[in-house]
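Close look at the chain arrangement
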Amino acid sequence: MFPSSYGHQLCENKRILWTPCDMTGSLIRNRSPSAPKSSGPLQRGIGNRENGRGPAGKGGLRYNEDMSTVGFLYDDVFLLHEPPSWHPDSPDRLVNIIATLKAAGLWARLTPIKPRMAGDNELLRVHTRDHIERMRHLAPGEADPDTYLSAGTFDAALHAAGAVIEAVDQSRQGMRCLFCAVRPPGHHAEADKAMGFCIFNNVAVGAAHARATGYGKVFIIDFDAHHGNGTQHIFEEDDSVFYFSTHQYPYYPDTGKDMERGRGPGEGYTYNVPILAGSGNKEYLAVYQDILPGVVERFGPDLILVSAGYDIHANDPHANIRVTHEGIHAIIRSILACADVPVIFVLEGGYDHPSLCDSVRITIEEMLKG
Ligand SMILES: [Zn+2]
């Protein structure tokens, strides 16, 4: 399916590096034009999980019904993370998202919230001291084969994690829906290393902050086309944080098999739905409309965090999932309807700029419907 040596190719007017010598080599790939449409792994995933897992909900914090505004967390500091110009995670991703929301007349309907910096004590809930210090002092260049640091990256990364912390605090004040438009993304970052464009695991830092400050149970939904290996590993022994992921498989980073369900006290609190390349709306809606609501209900979360990776869109050059605009609408609607608790979306992937911008616009439109 993939070339077997390192190389470069022109892709949508950008020079894209691909290192597809094995399934774990790199996040940056050209899409496979001839991937089969099959429901093999997806069907196995559904069949093995029909009874769901996790304890019944205990209730807990509930949002203020009077507050219908949507919080939007963004800061220009995120533009200071500047990988090489050919890298897919361009600052223009956020610039174009903001421009799209303004052009659509949505910007004025959002409540702007300034992200703050995550403190070391907050990062240490999920990351090792060694990792934090290495990122703090690493010179501009590669942190891993996919992940680059520029002079402004560390500051941007602290604010990306801090944005989710701030969103959690805002949710406790009564705001039900929030969107964190951040970069660098986070779900590949492990406790002890940067990986796959990610420096700190923004969603994991936010979930840990929620747990540390009063939320009883947190449910993480990760619909990025790539599996959130870092998030899964950070919480795989924790029965208070549920990790639910749909992702192209087999694919980078080669984790997220359906038999990965957590360990020790966390066994049963990880739910992976691997999806074959070439799948699209039909397969995704089977998960998000027919499976997710029951799993969420059985767990009974007090807060939902979403790793929102829009590289599931059919036009994205770095995955081979075929979800359309209509599919994005339906997925977001299902997520927003699955529990009566605050929901915080955190941007992960999405590299075809028009599709990314449309997908975020669709997400915001659904949030504003209240
Ligand atoms: Zn991704």
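A short tour of the structure in this document, coming up. If you're wondering where the values come from, they're calculated on a predicted model, not measured in any experiment.

Looking now at the overall build of the chain. A count of helical and extended segments in the chain gives 11 helices and 12 strands. The burial tally for the chain puts 54% of its 370 residues in the buried class. Counting only contacts in the chain whose residues sit at least 6 apart along the sequence, the fraction spanning at least 24 positions is 78%.

One key point about sheets: their strands pair by backbone hydrogen bonds, in either a parallel or an antiparallel sense. Spatially, β4-β3-β7-β12-β11-β8-β9-β10 is the arrangement adopted by the eight strands of the open sheet, whose pairing is parallel. Two strands in the sheet have a free side with no partner beyond their single neighbour: β4 (110-113) and β10 (270-275). Averaged over all pairs of adjacent strands, the angle between their axes in this sheet comes to 15°, without regard to strand direction. Note: strand β3 (residues 70-73) against strand β7 (residues 177-180), four bridges, orientation parallel. Across the sheet, residue Gly-71 finds its bridge partner in β7, namely Leu-178.

Let's shift gears to helix α9 (residues 292-299). Turning to α9, its buried residues number three or more, namely Leu-292, Val-296 and Phe-299. Projected onto a plane normal to the axis of α9, the buried residues spread over an arc of 65° and lie on a single side. Packed against the buried residues of α9 are β8 (218-222), β9 (241-248), α8 (281-290) and α10 (325-337). Of the residues flanking the end of α9, it is Gly-300, one or two places downstream, whose phi is positive at about 70°.

Among the five residues in β8, five count as buried, and that is most of the element. Of the two faces of β8, the one lined by Val-218, Ile-220 and Asp-222 and the one lined by Phe-219 and Ile-221 are each fully buried. One crossover worth recording links β8 to the parallel β9 by way of helix α7 (residues 229-235), and it is right-handed. The sheet contact formed by β8 and strand β11 (residues 303-308) spans five bridges and is parallel. The residue of β11 that forms the bridge with Val-218 is Leu-303.

The next thing to look at is the nonpolar core. With 108 residues, the main nonpolar core has Val-164, Cys-180, Ile-220, Ile-344 and Val-346 as its most contacted residues. Of all the elements, helix α5 (residues 153-172) adds the most residues to this core, at 10 residues. Excluding residues within four positions of it along the chain, Cys-180 makes contact with Leu-73, Ala-163, Val-164, Ala-167, Ile-344, Phe-345, Val-346 and Leu-347.

In this structure, Pro-184 follows Arg-183 across a cis peptide bond, with omega equal to 0°. Within the secondary structure layout, Pro-184 lies in the loop between β7 and α6 (202-212). Following Tyr-252, the chain continues into Pro-253 via a peptide bond in cis, with omega recorded as 5°. Not every positive phi belongs to a glycine, and Phe-197 is a case in point at roughly 80°. Following the sequence through the fold, Phe-197 ends up in the loop between β7 and α6. Unlike most non-glycine residues, Asp-254 shows phi in positive territory, near 70°. Within the element layout of this structure, Asp-254 appears in the loop between β9 and β10.

What counts, and at which threshold
Within each chain, residues carry numbers counting from 1 in the order of the written sequence. Selection of residues for local features in this predicted model requires a pLDDT of at least 70, selection of side-chain atom pairs for listing and counting requires 80 or more, and totals for whole chains, interfaces and linings are taken over all residues. Numbering goes from the N terminus for both helices and strands, where a helix is a DSSP run of H or I of at least four residues and a strand is a run of E of at least two. Buried, partly exposed and exposed are defined by the number of other C-beta atoms within 10 Å of a residue's own C-beta, namely 20 or more, between the two limits, and 12 or fewer respectively, with C-beta atoms placed from the backbone. Once C-beta atoms have been placed from the backbone, residue pairs whose C-beta atoms lie within 7 Å are recorded as contacts. Any two strands with at least two DSSP bridges between them are considered paired. To get an axis, fit a line to the C-alpha atoms, keeping to the stretch in contact for a helix; angles then go from 0 to 180 degrees between the N-to-C directions. Directions from the helix axis toward the C-beta atoms define the arc. With the strands aimed away from the viewer, a crossover counts as right-handed if its path from the first strand over the helix to the second runs clockwise. Each nonpolar core reported here comprises buried Ala, Val, Leu, Ile, Met, Phe, Trp, Tyr and Cys residues connected via C-beta atoms within 7 Å.

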